[in-house]
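Structural overview for review
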Amino acid sequence: MRVAILGLGLMGSAATRRLVESGFNVILWNRSLEKAEALAKDLGVEVAKSVAEAVGKVDAALAFLADDEALMTVASMIPRADGLVFSNFSTVTPRASVQVSEFLKARGVCYVETPVVGGPQVLREGKAVILVSGPIHCVRSVRGVLNALASEVFDVSEDIGKAAALKLAYNNLLITTVASLAESMVLAESYGVNVKMFFDILSKTMFKDIAERYYNRLAAEDAPLGFKLALAAKDLDYARRAAGDKGLTLFIASNAEQLYRIACTMGYGDKDYSRIYMFLKKARSYAGI
Ligand SMILES: NC(=O)c1ccc[n+]([C@@H]2O[C@H](COP(=O)([O-])OP(=O)(O)OC[C@H]3O[C@@H](n4cnc5c(N)ncnc54)[C@H](OP(=O)(O)O)[C@@H]3O)[C@@H](O)[C@H]2O)c1
């Protein structure tokens, strides 16, 4: 099967490597062309200079784009392409997803939502969890791709918007939990308690898995980039907006989003989102305490 990969950031690059290893024939496109060229050279695959060129040569287009705006921009570059399936792996609002789906339908393209739970490393290993919404016959066309990238594929619904909403619900929980953990660490430390002791206690409780998973990532001086802090702030914003569309207010998400936004203004946006702990530690010293 031939697929175009649109967007070669952390997730798109990881997916590309996995799909090439799994025997897919890929063509790469990225807004900053040099990223596509470097990866294509490394893997010996083709680069497209435009979205139209990429999608003109394939059965399916796989999008790994930052946000709603990027998704809409890229979708608007797709010409009439009857029979093409557009599988969107990006985390976007349900509202944008529905809009793009309708826009593409008018161009003969079948849109499916395939947001990913798990970062670049798990995607690279084919162990992601993927949530799926979209018409069954279109999902069927990309089933092989999904199975190559994920150990679990959840068929959520045929209705566009539901997988996107579920992904935001998941990220709301994840990103607020990480912020909350970071705040608790700073609180314990402010009373002279070694943060390792805090984690030792957590590991004896229902928080065991979180402690084991996040202690090193949060406490390390320099954590490798897996998920940009600016995208974490974006996801809380999107969760809030998605809730707003249903008349709901997400109080915890709103506060956590403010925290991540402030960290972005202090230069943490392109760092791993676990750096929220380092930001909070520094924030304490900014306050002169
Ligand atoms: N990283 C994770 O752990 C993770 C996990 C699950 C889901 N996600 C979601 O997956 C998506 C991709 O994440 P990522 O970590 O790969 O992000 P990333 O490394 O920042 O890559 C973002 C990609 O979007 C492109 N892009 C941004 N704005 C654009 C625009 N206006 N027009 C066209 N292309 C644009 C970038 O192109 P340039 O290279 O030209 O900037 C790049 O290819 C996001 O929705 C994210 O929330 C991420």
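Computed from a prediction, not measured in an experiment: that's the story for all the values here.

1. Thoughts on the overall build of the protein
Within the protein, the secondary structure is distributed over 13 helices and nine strands. Taking 2.2 N^0.38 as the reference for a compact globule, 289 residues should give roughly 19 Å; the C-alpha atoms of the protein span a radius of gyration of 20 Å, in line with that estimate. Dimensions of the protein, computed from C-alpha atoms along their principal axes, come out at roughly 65 × 45 × 35 Å. Excluding contacts between residues fewer than 6 apart, the proportion of contacts in the protein whose partners are at least 24 apart in sequence is 67%. As presented, the protein carries roughly 13,900 Å² of accessible surface, and 55% of it is formed by carbon and sulfur atoms. A gap of 1 Å separates the mean positions of the 34 positive and 31 negative side-chain charges of the protein.

2. Brief notes about the domain arrangement of the protein
As far as domains go, the protein holds domain 1 (2-158) and domain 2 (165-286). Between domain 1 and domain 2, the C-alpha centre-to-centre distance is 28 Å. Counting residues at the interface gives 15 residues for domain 1 and 13 residues for domain 2. Note on domain 1 versus domain 2: buried area summed over both sides is about 1,200 Å², and carbon and sulfur give 69% of it. The interface formed by domain 1 and domain 2 holds one salt bridge in total. R95 is paired through a salt bridge with D245; the nearest N and O atoms lie 2.8 Å apart. Our enumeration of links across domain 1 and domain 2 arrives at five residue pairs in polar contact (both at pLDDT 80 or more). Contributions of two or more residues to the side of domain 1 that touches domain 2 are made by α5 (94-105) and β7 (116-117). Split into classes, the residues belonging to the side of domain 1 that touches domain 2 amount to 10 nonpolar, two polar and three charged.

3. Things to note about the site of the ligand
M11, N30, S32, K35 and K228 are the nearest of the 27 residues found near the ligand. The side chain of K234 places a nitrogen or oxygen atom 2.9 Å from an oxygen atom of the ligand. Within the complex, the protein chains bury 90% of what would otherwise be the 900 Å² of accessible surface of the ligand. Only α1 (10-21), α4 (68-76) and α11 (229-244) provide two or more residues apiece to the shell around the ligand. The biggest single contributor to the shell around the ligand is α11, with three residues. Split by residue class, the shell around the ligand holds 12 nonpolar, nine polar and six charged. Counting only domains with at least three residues in the shell around the ligand, you end up with domain 1 (2-158) and domain 2 (165-286).

Criteria and thresholds
- Residues numbered from 1 in each chain as written.
- Predicted model: local features only at pLDDT ≥ 70, side-chain atom pairs only at ≥ 80, totals over all residues.
- Heavy atoms only, no water.
- Helix = DSSP H or I, 4+ residues; strand = E, 2+ residues; numbered from the N terminus.
- Rg over C-alpha atoms; globule rule 2.2 N^0.38 Å.
- Contact = heavy atoms within 4.5 Å.
- Areas by Shrake-Rupley, 256 points an atom, 1.4 Å probe, with all protein chains shown as cover.
- Lys, Arg positive; Asp, Glu negative; His and termini not counted.
- Charge placed at Lys NZ, Arg CZ, Asp CG, Glu CD.
- Domains from an automatic or database assignment.
- Buried area = accessible area lost by both parts, 1.4 Å probe.
- Salt bridge = Lys/Arg side-chain N within 4 Å of Asp/Glu carboxyl O.
- Polar contact = N/O pair within 3.5 Å; in protein donor to acceptor, adjacent residues only side chain to side chain.
- Nonpolar A, V, L, I, M, F, W, Y, C, P; charged D, E, K, R; others polar.
- Near = heavy atom within 4 Å.

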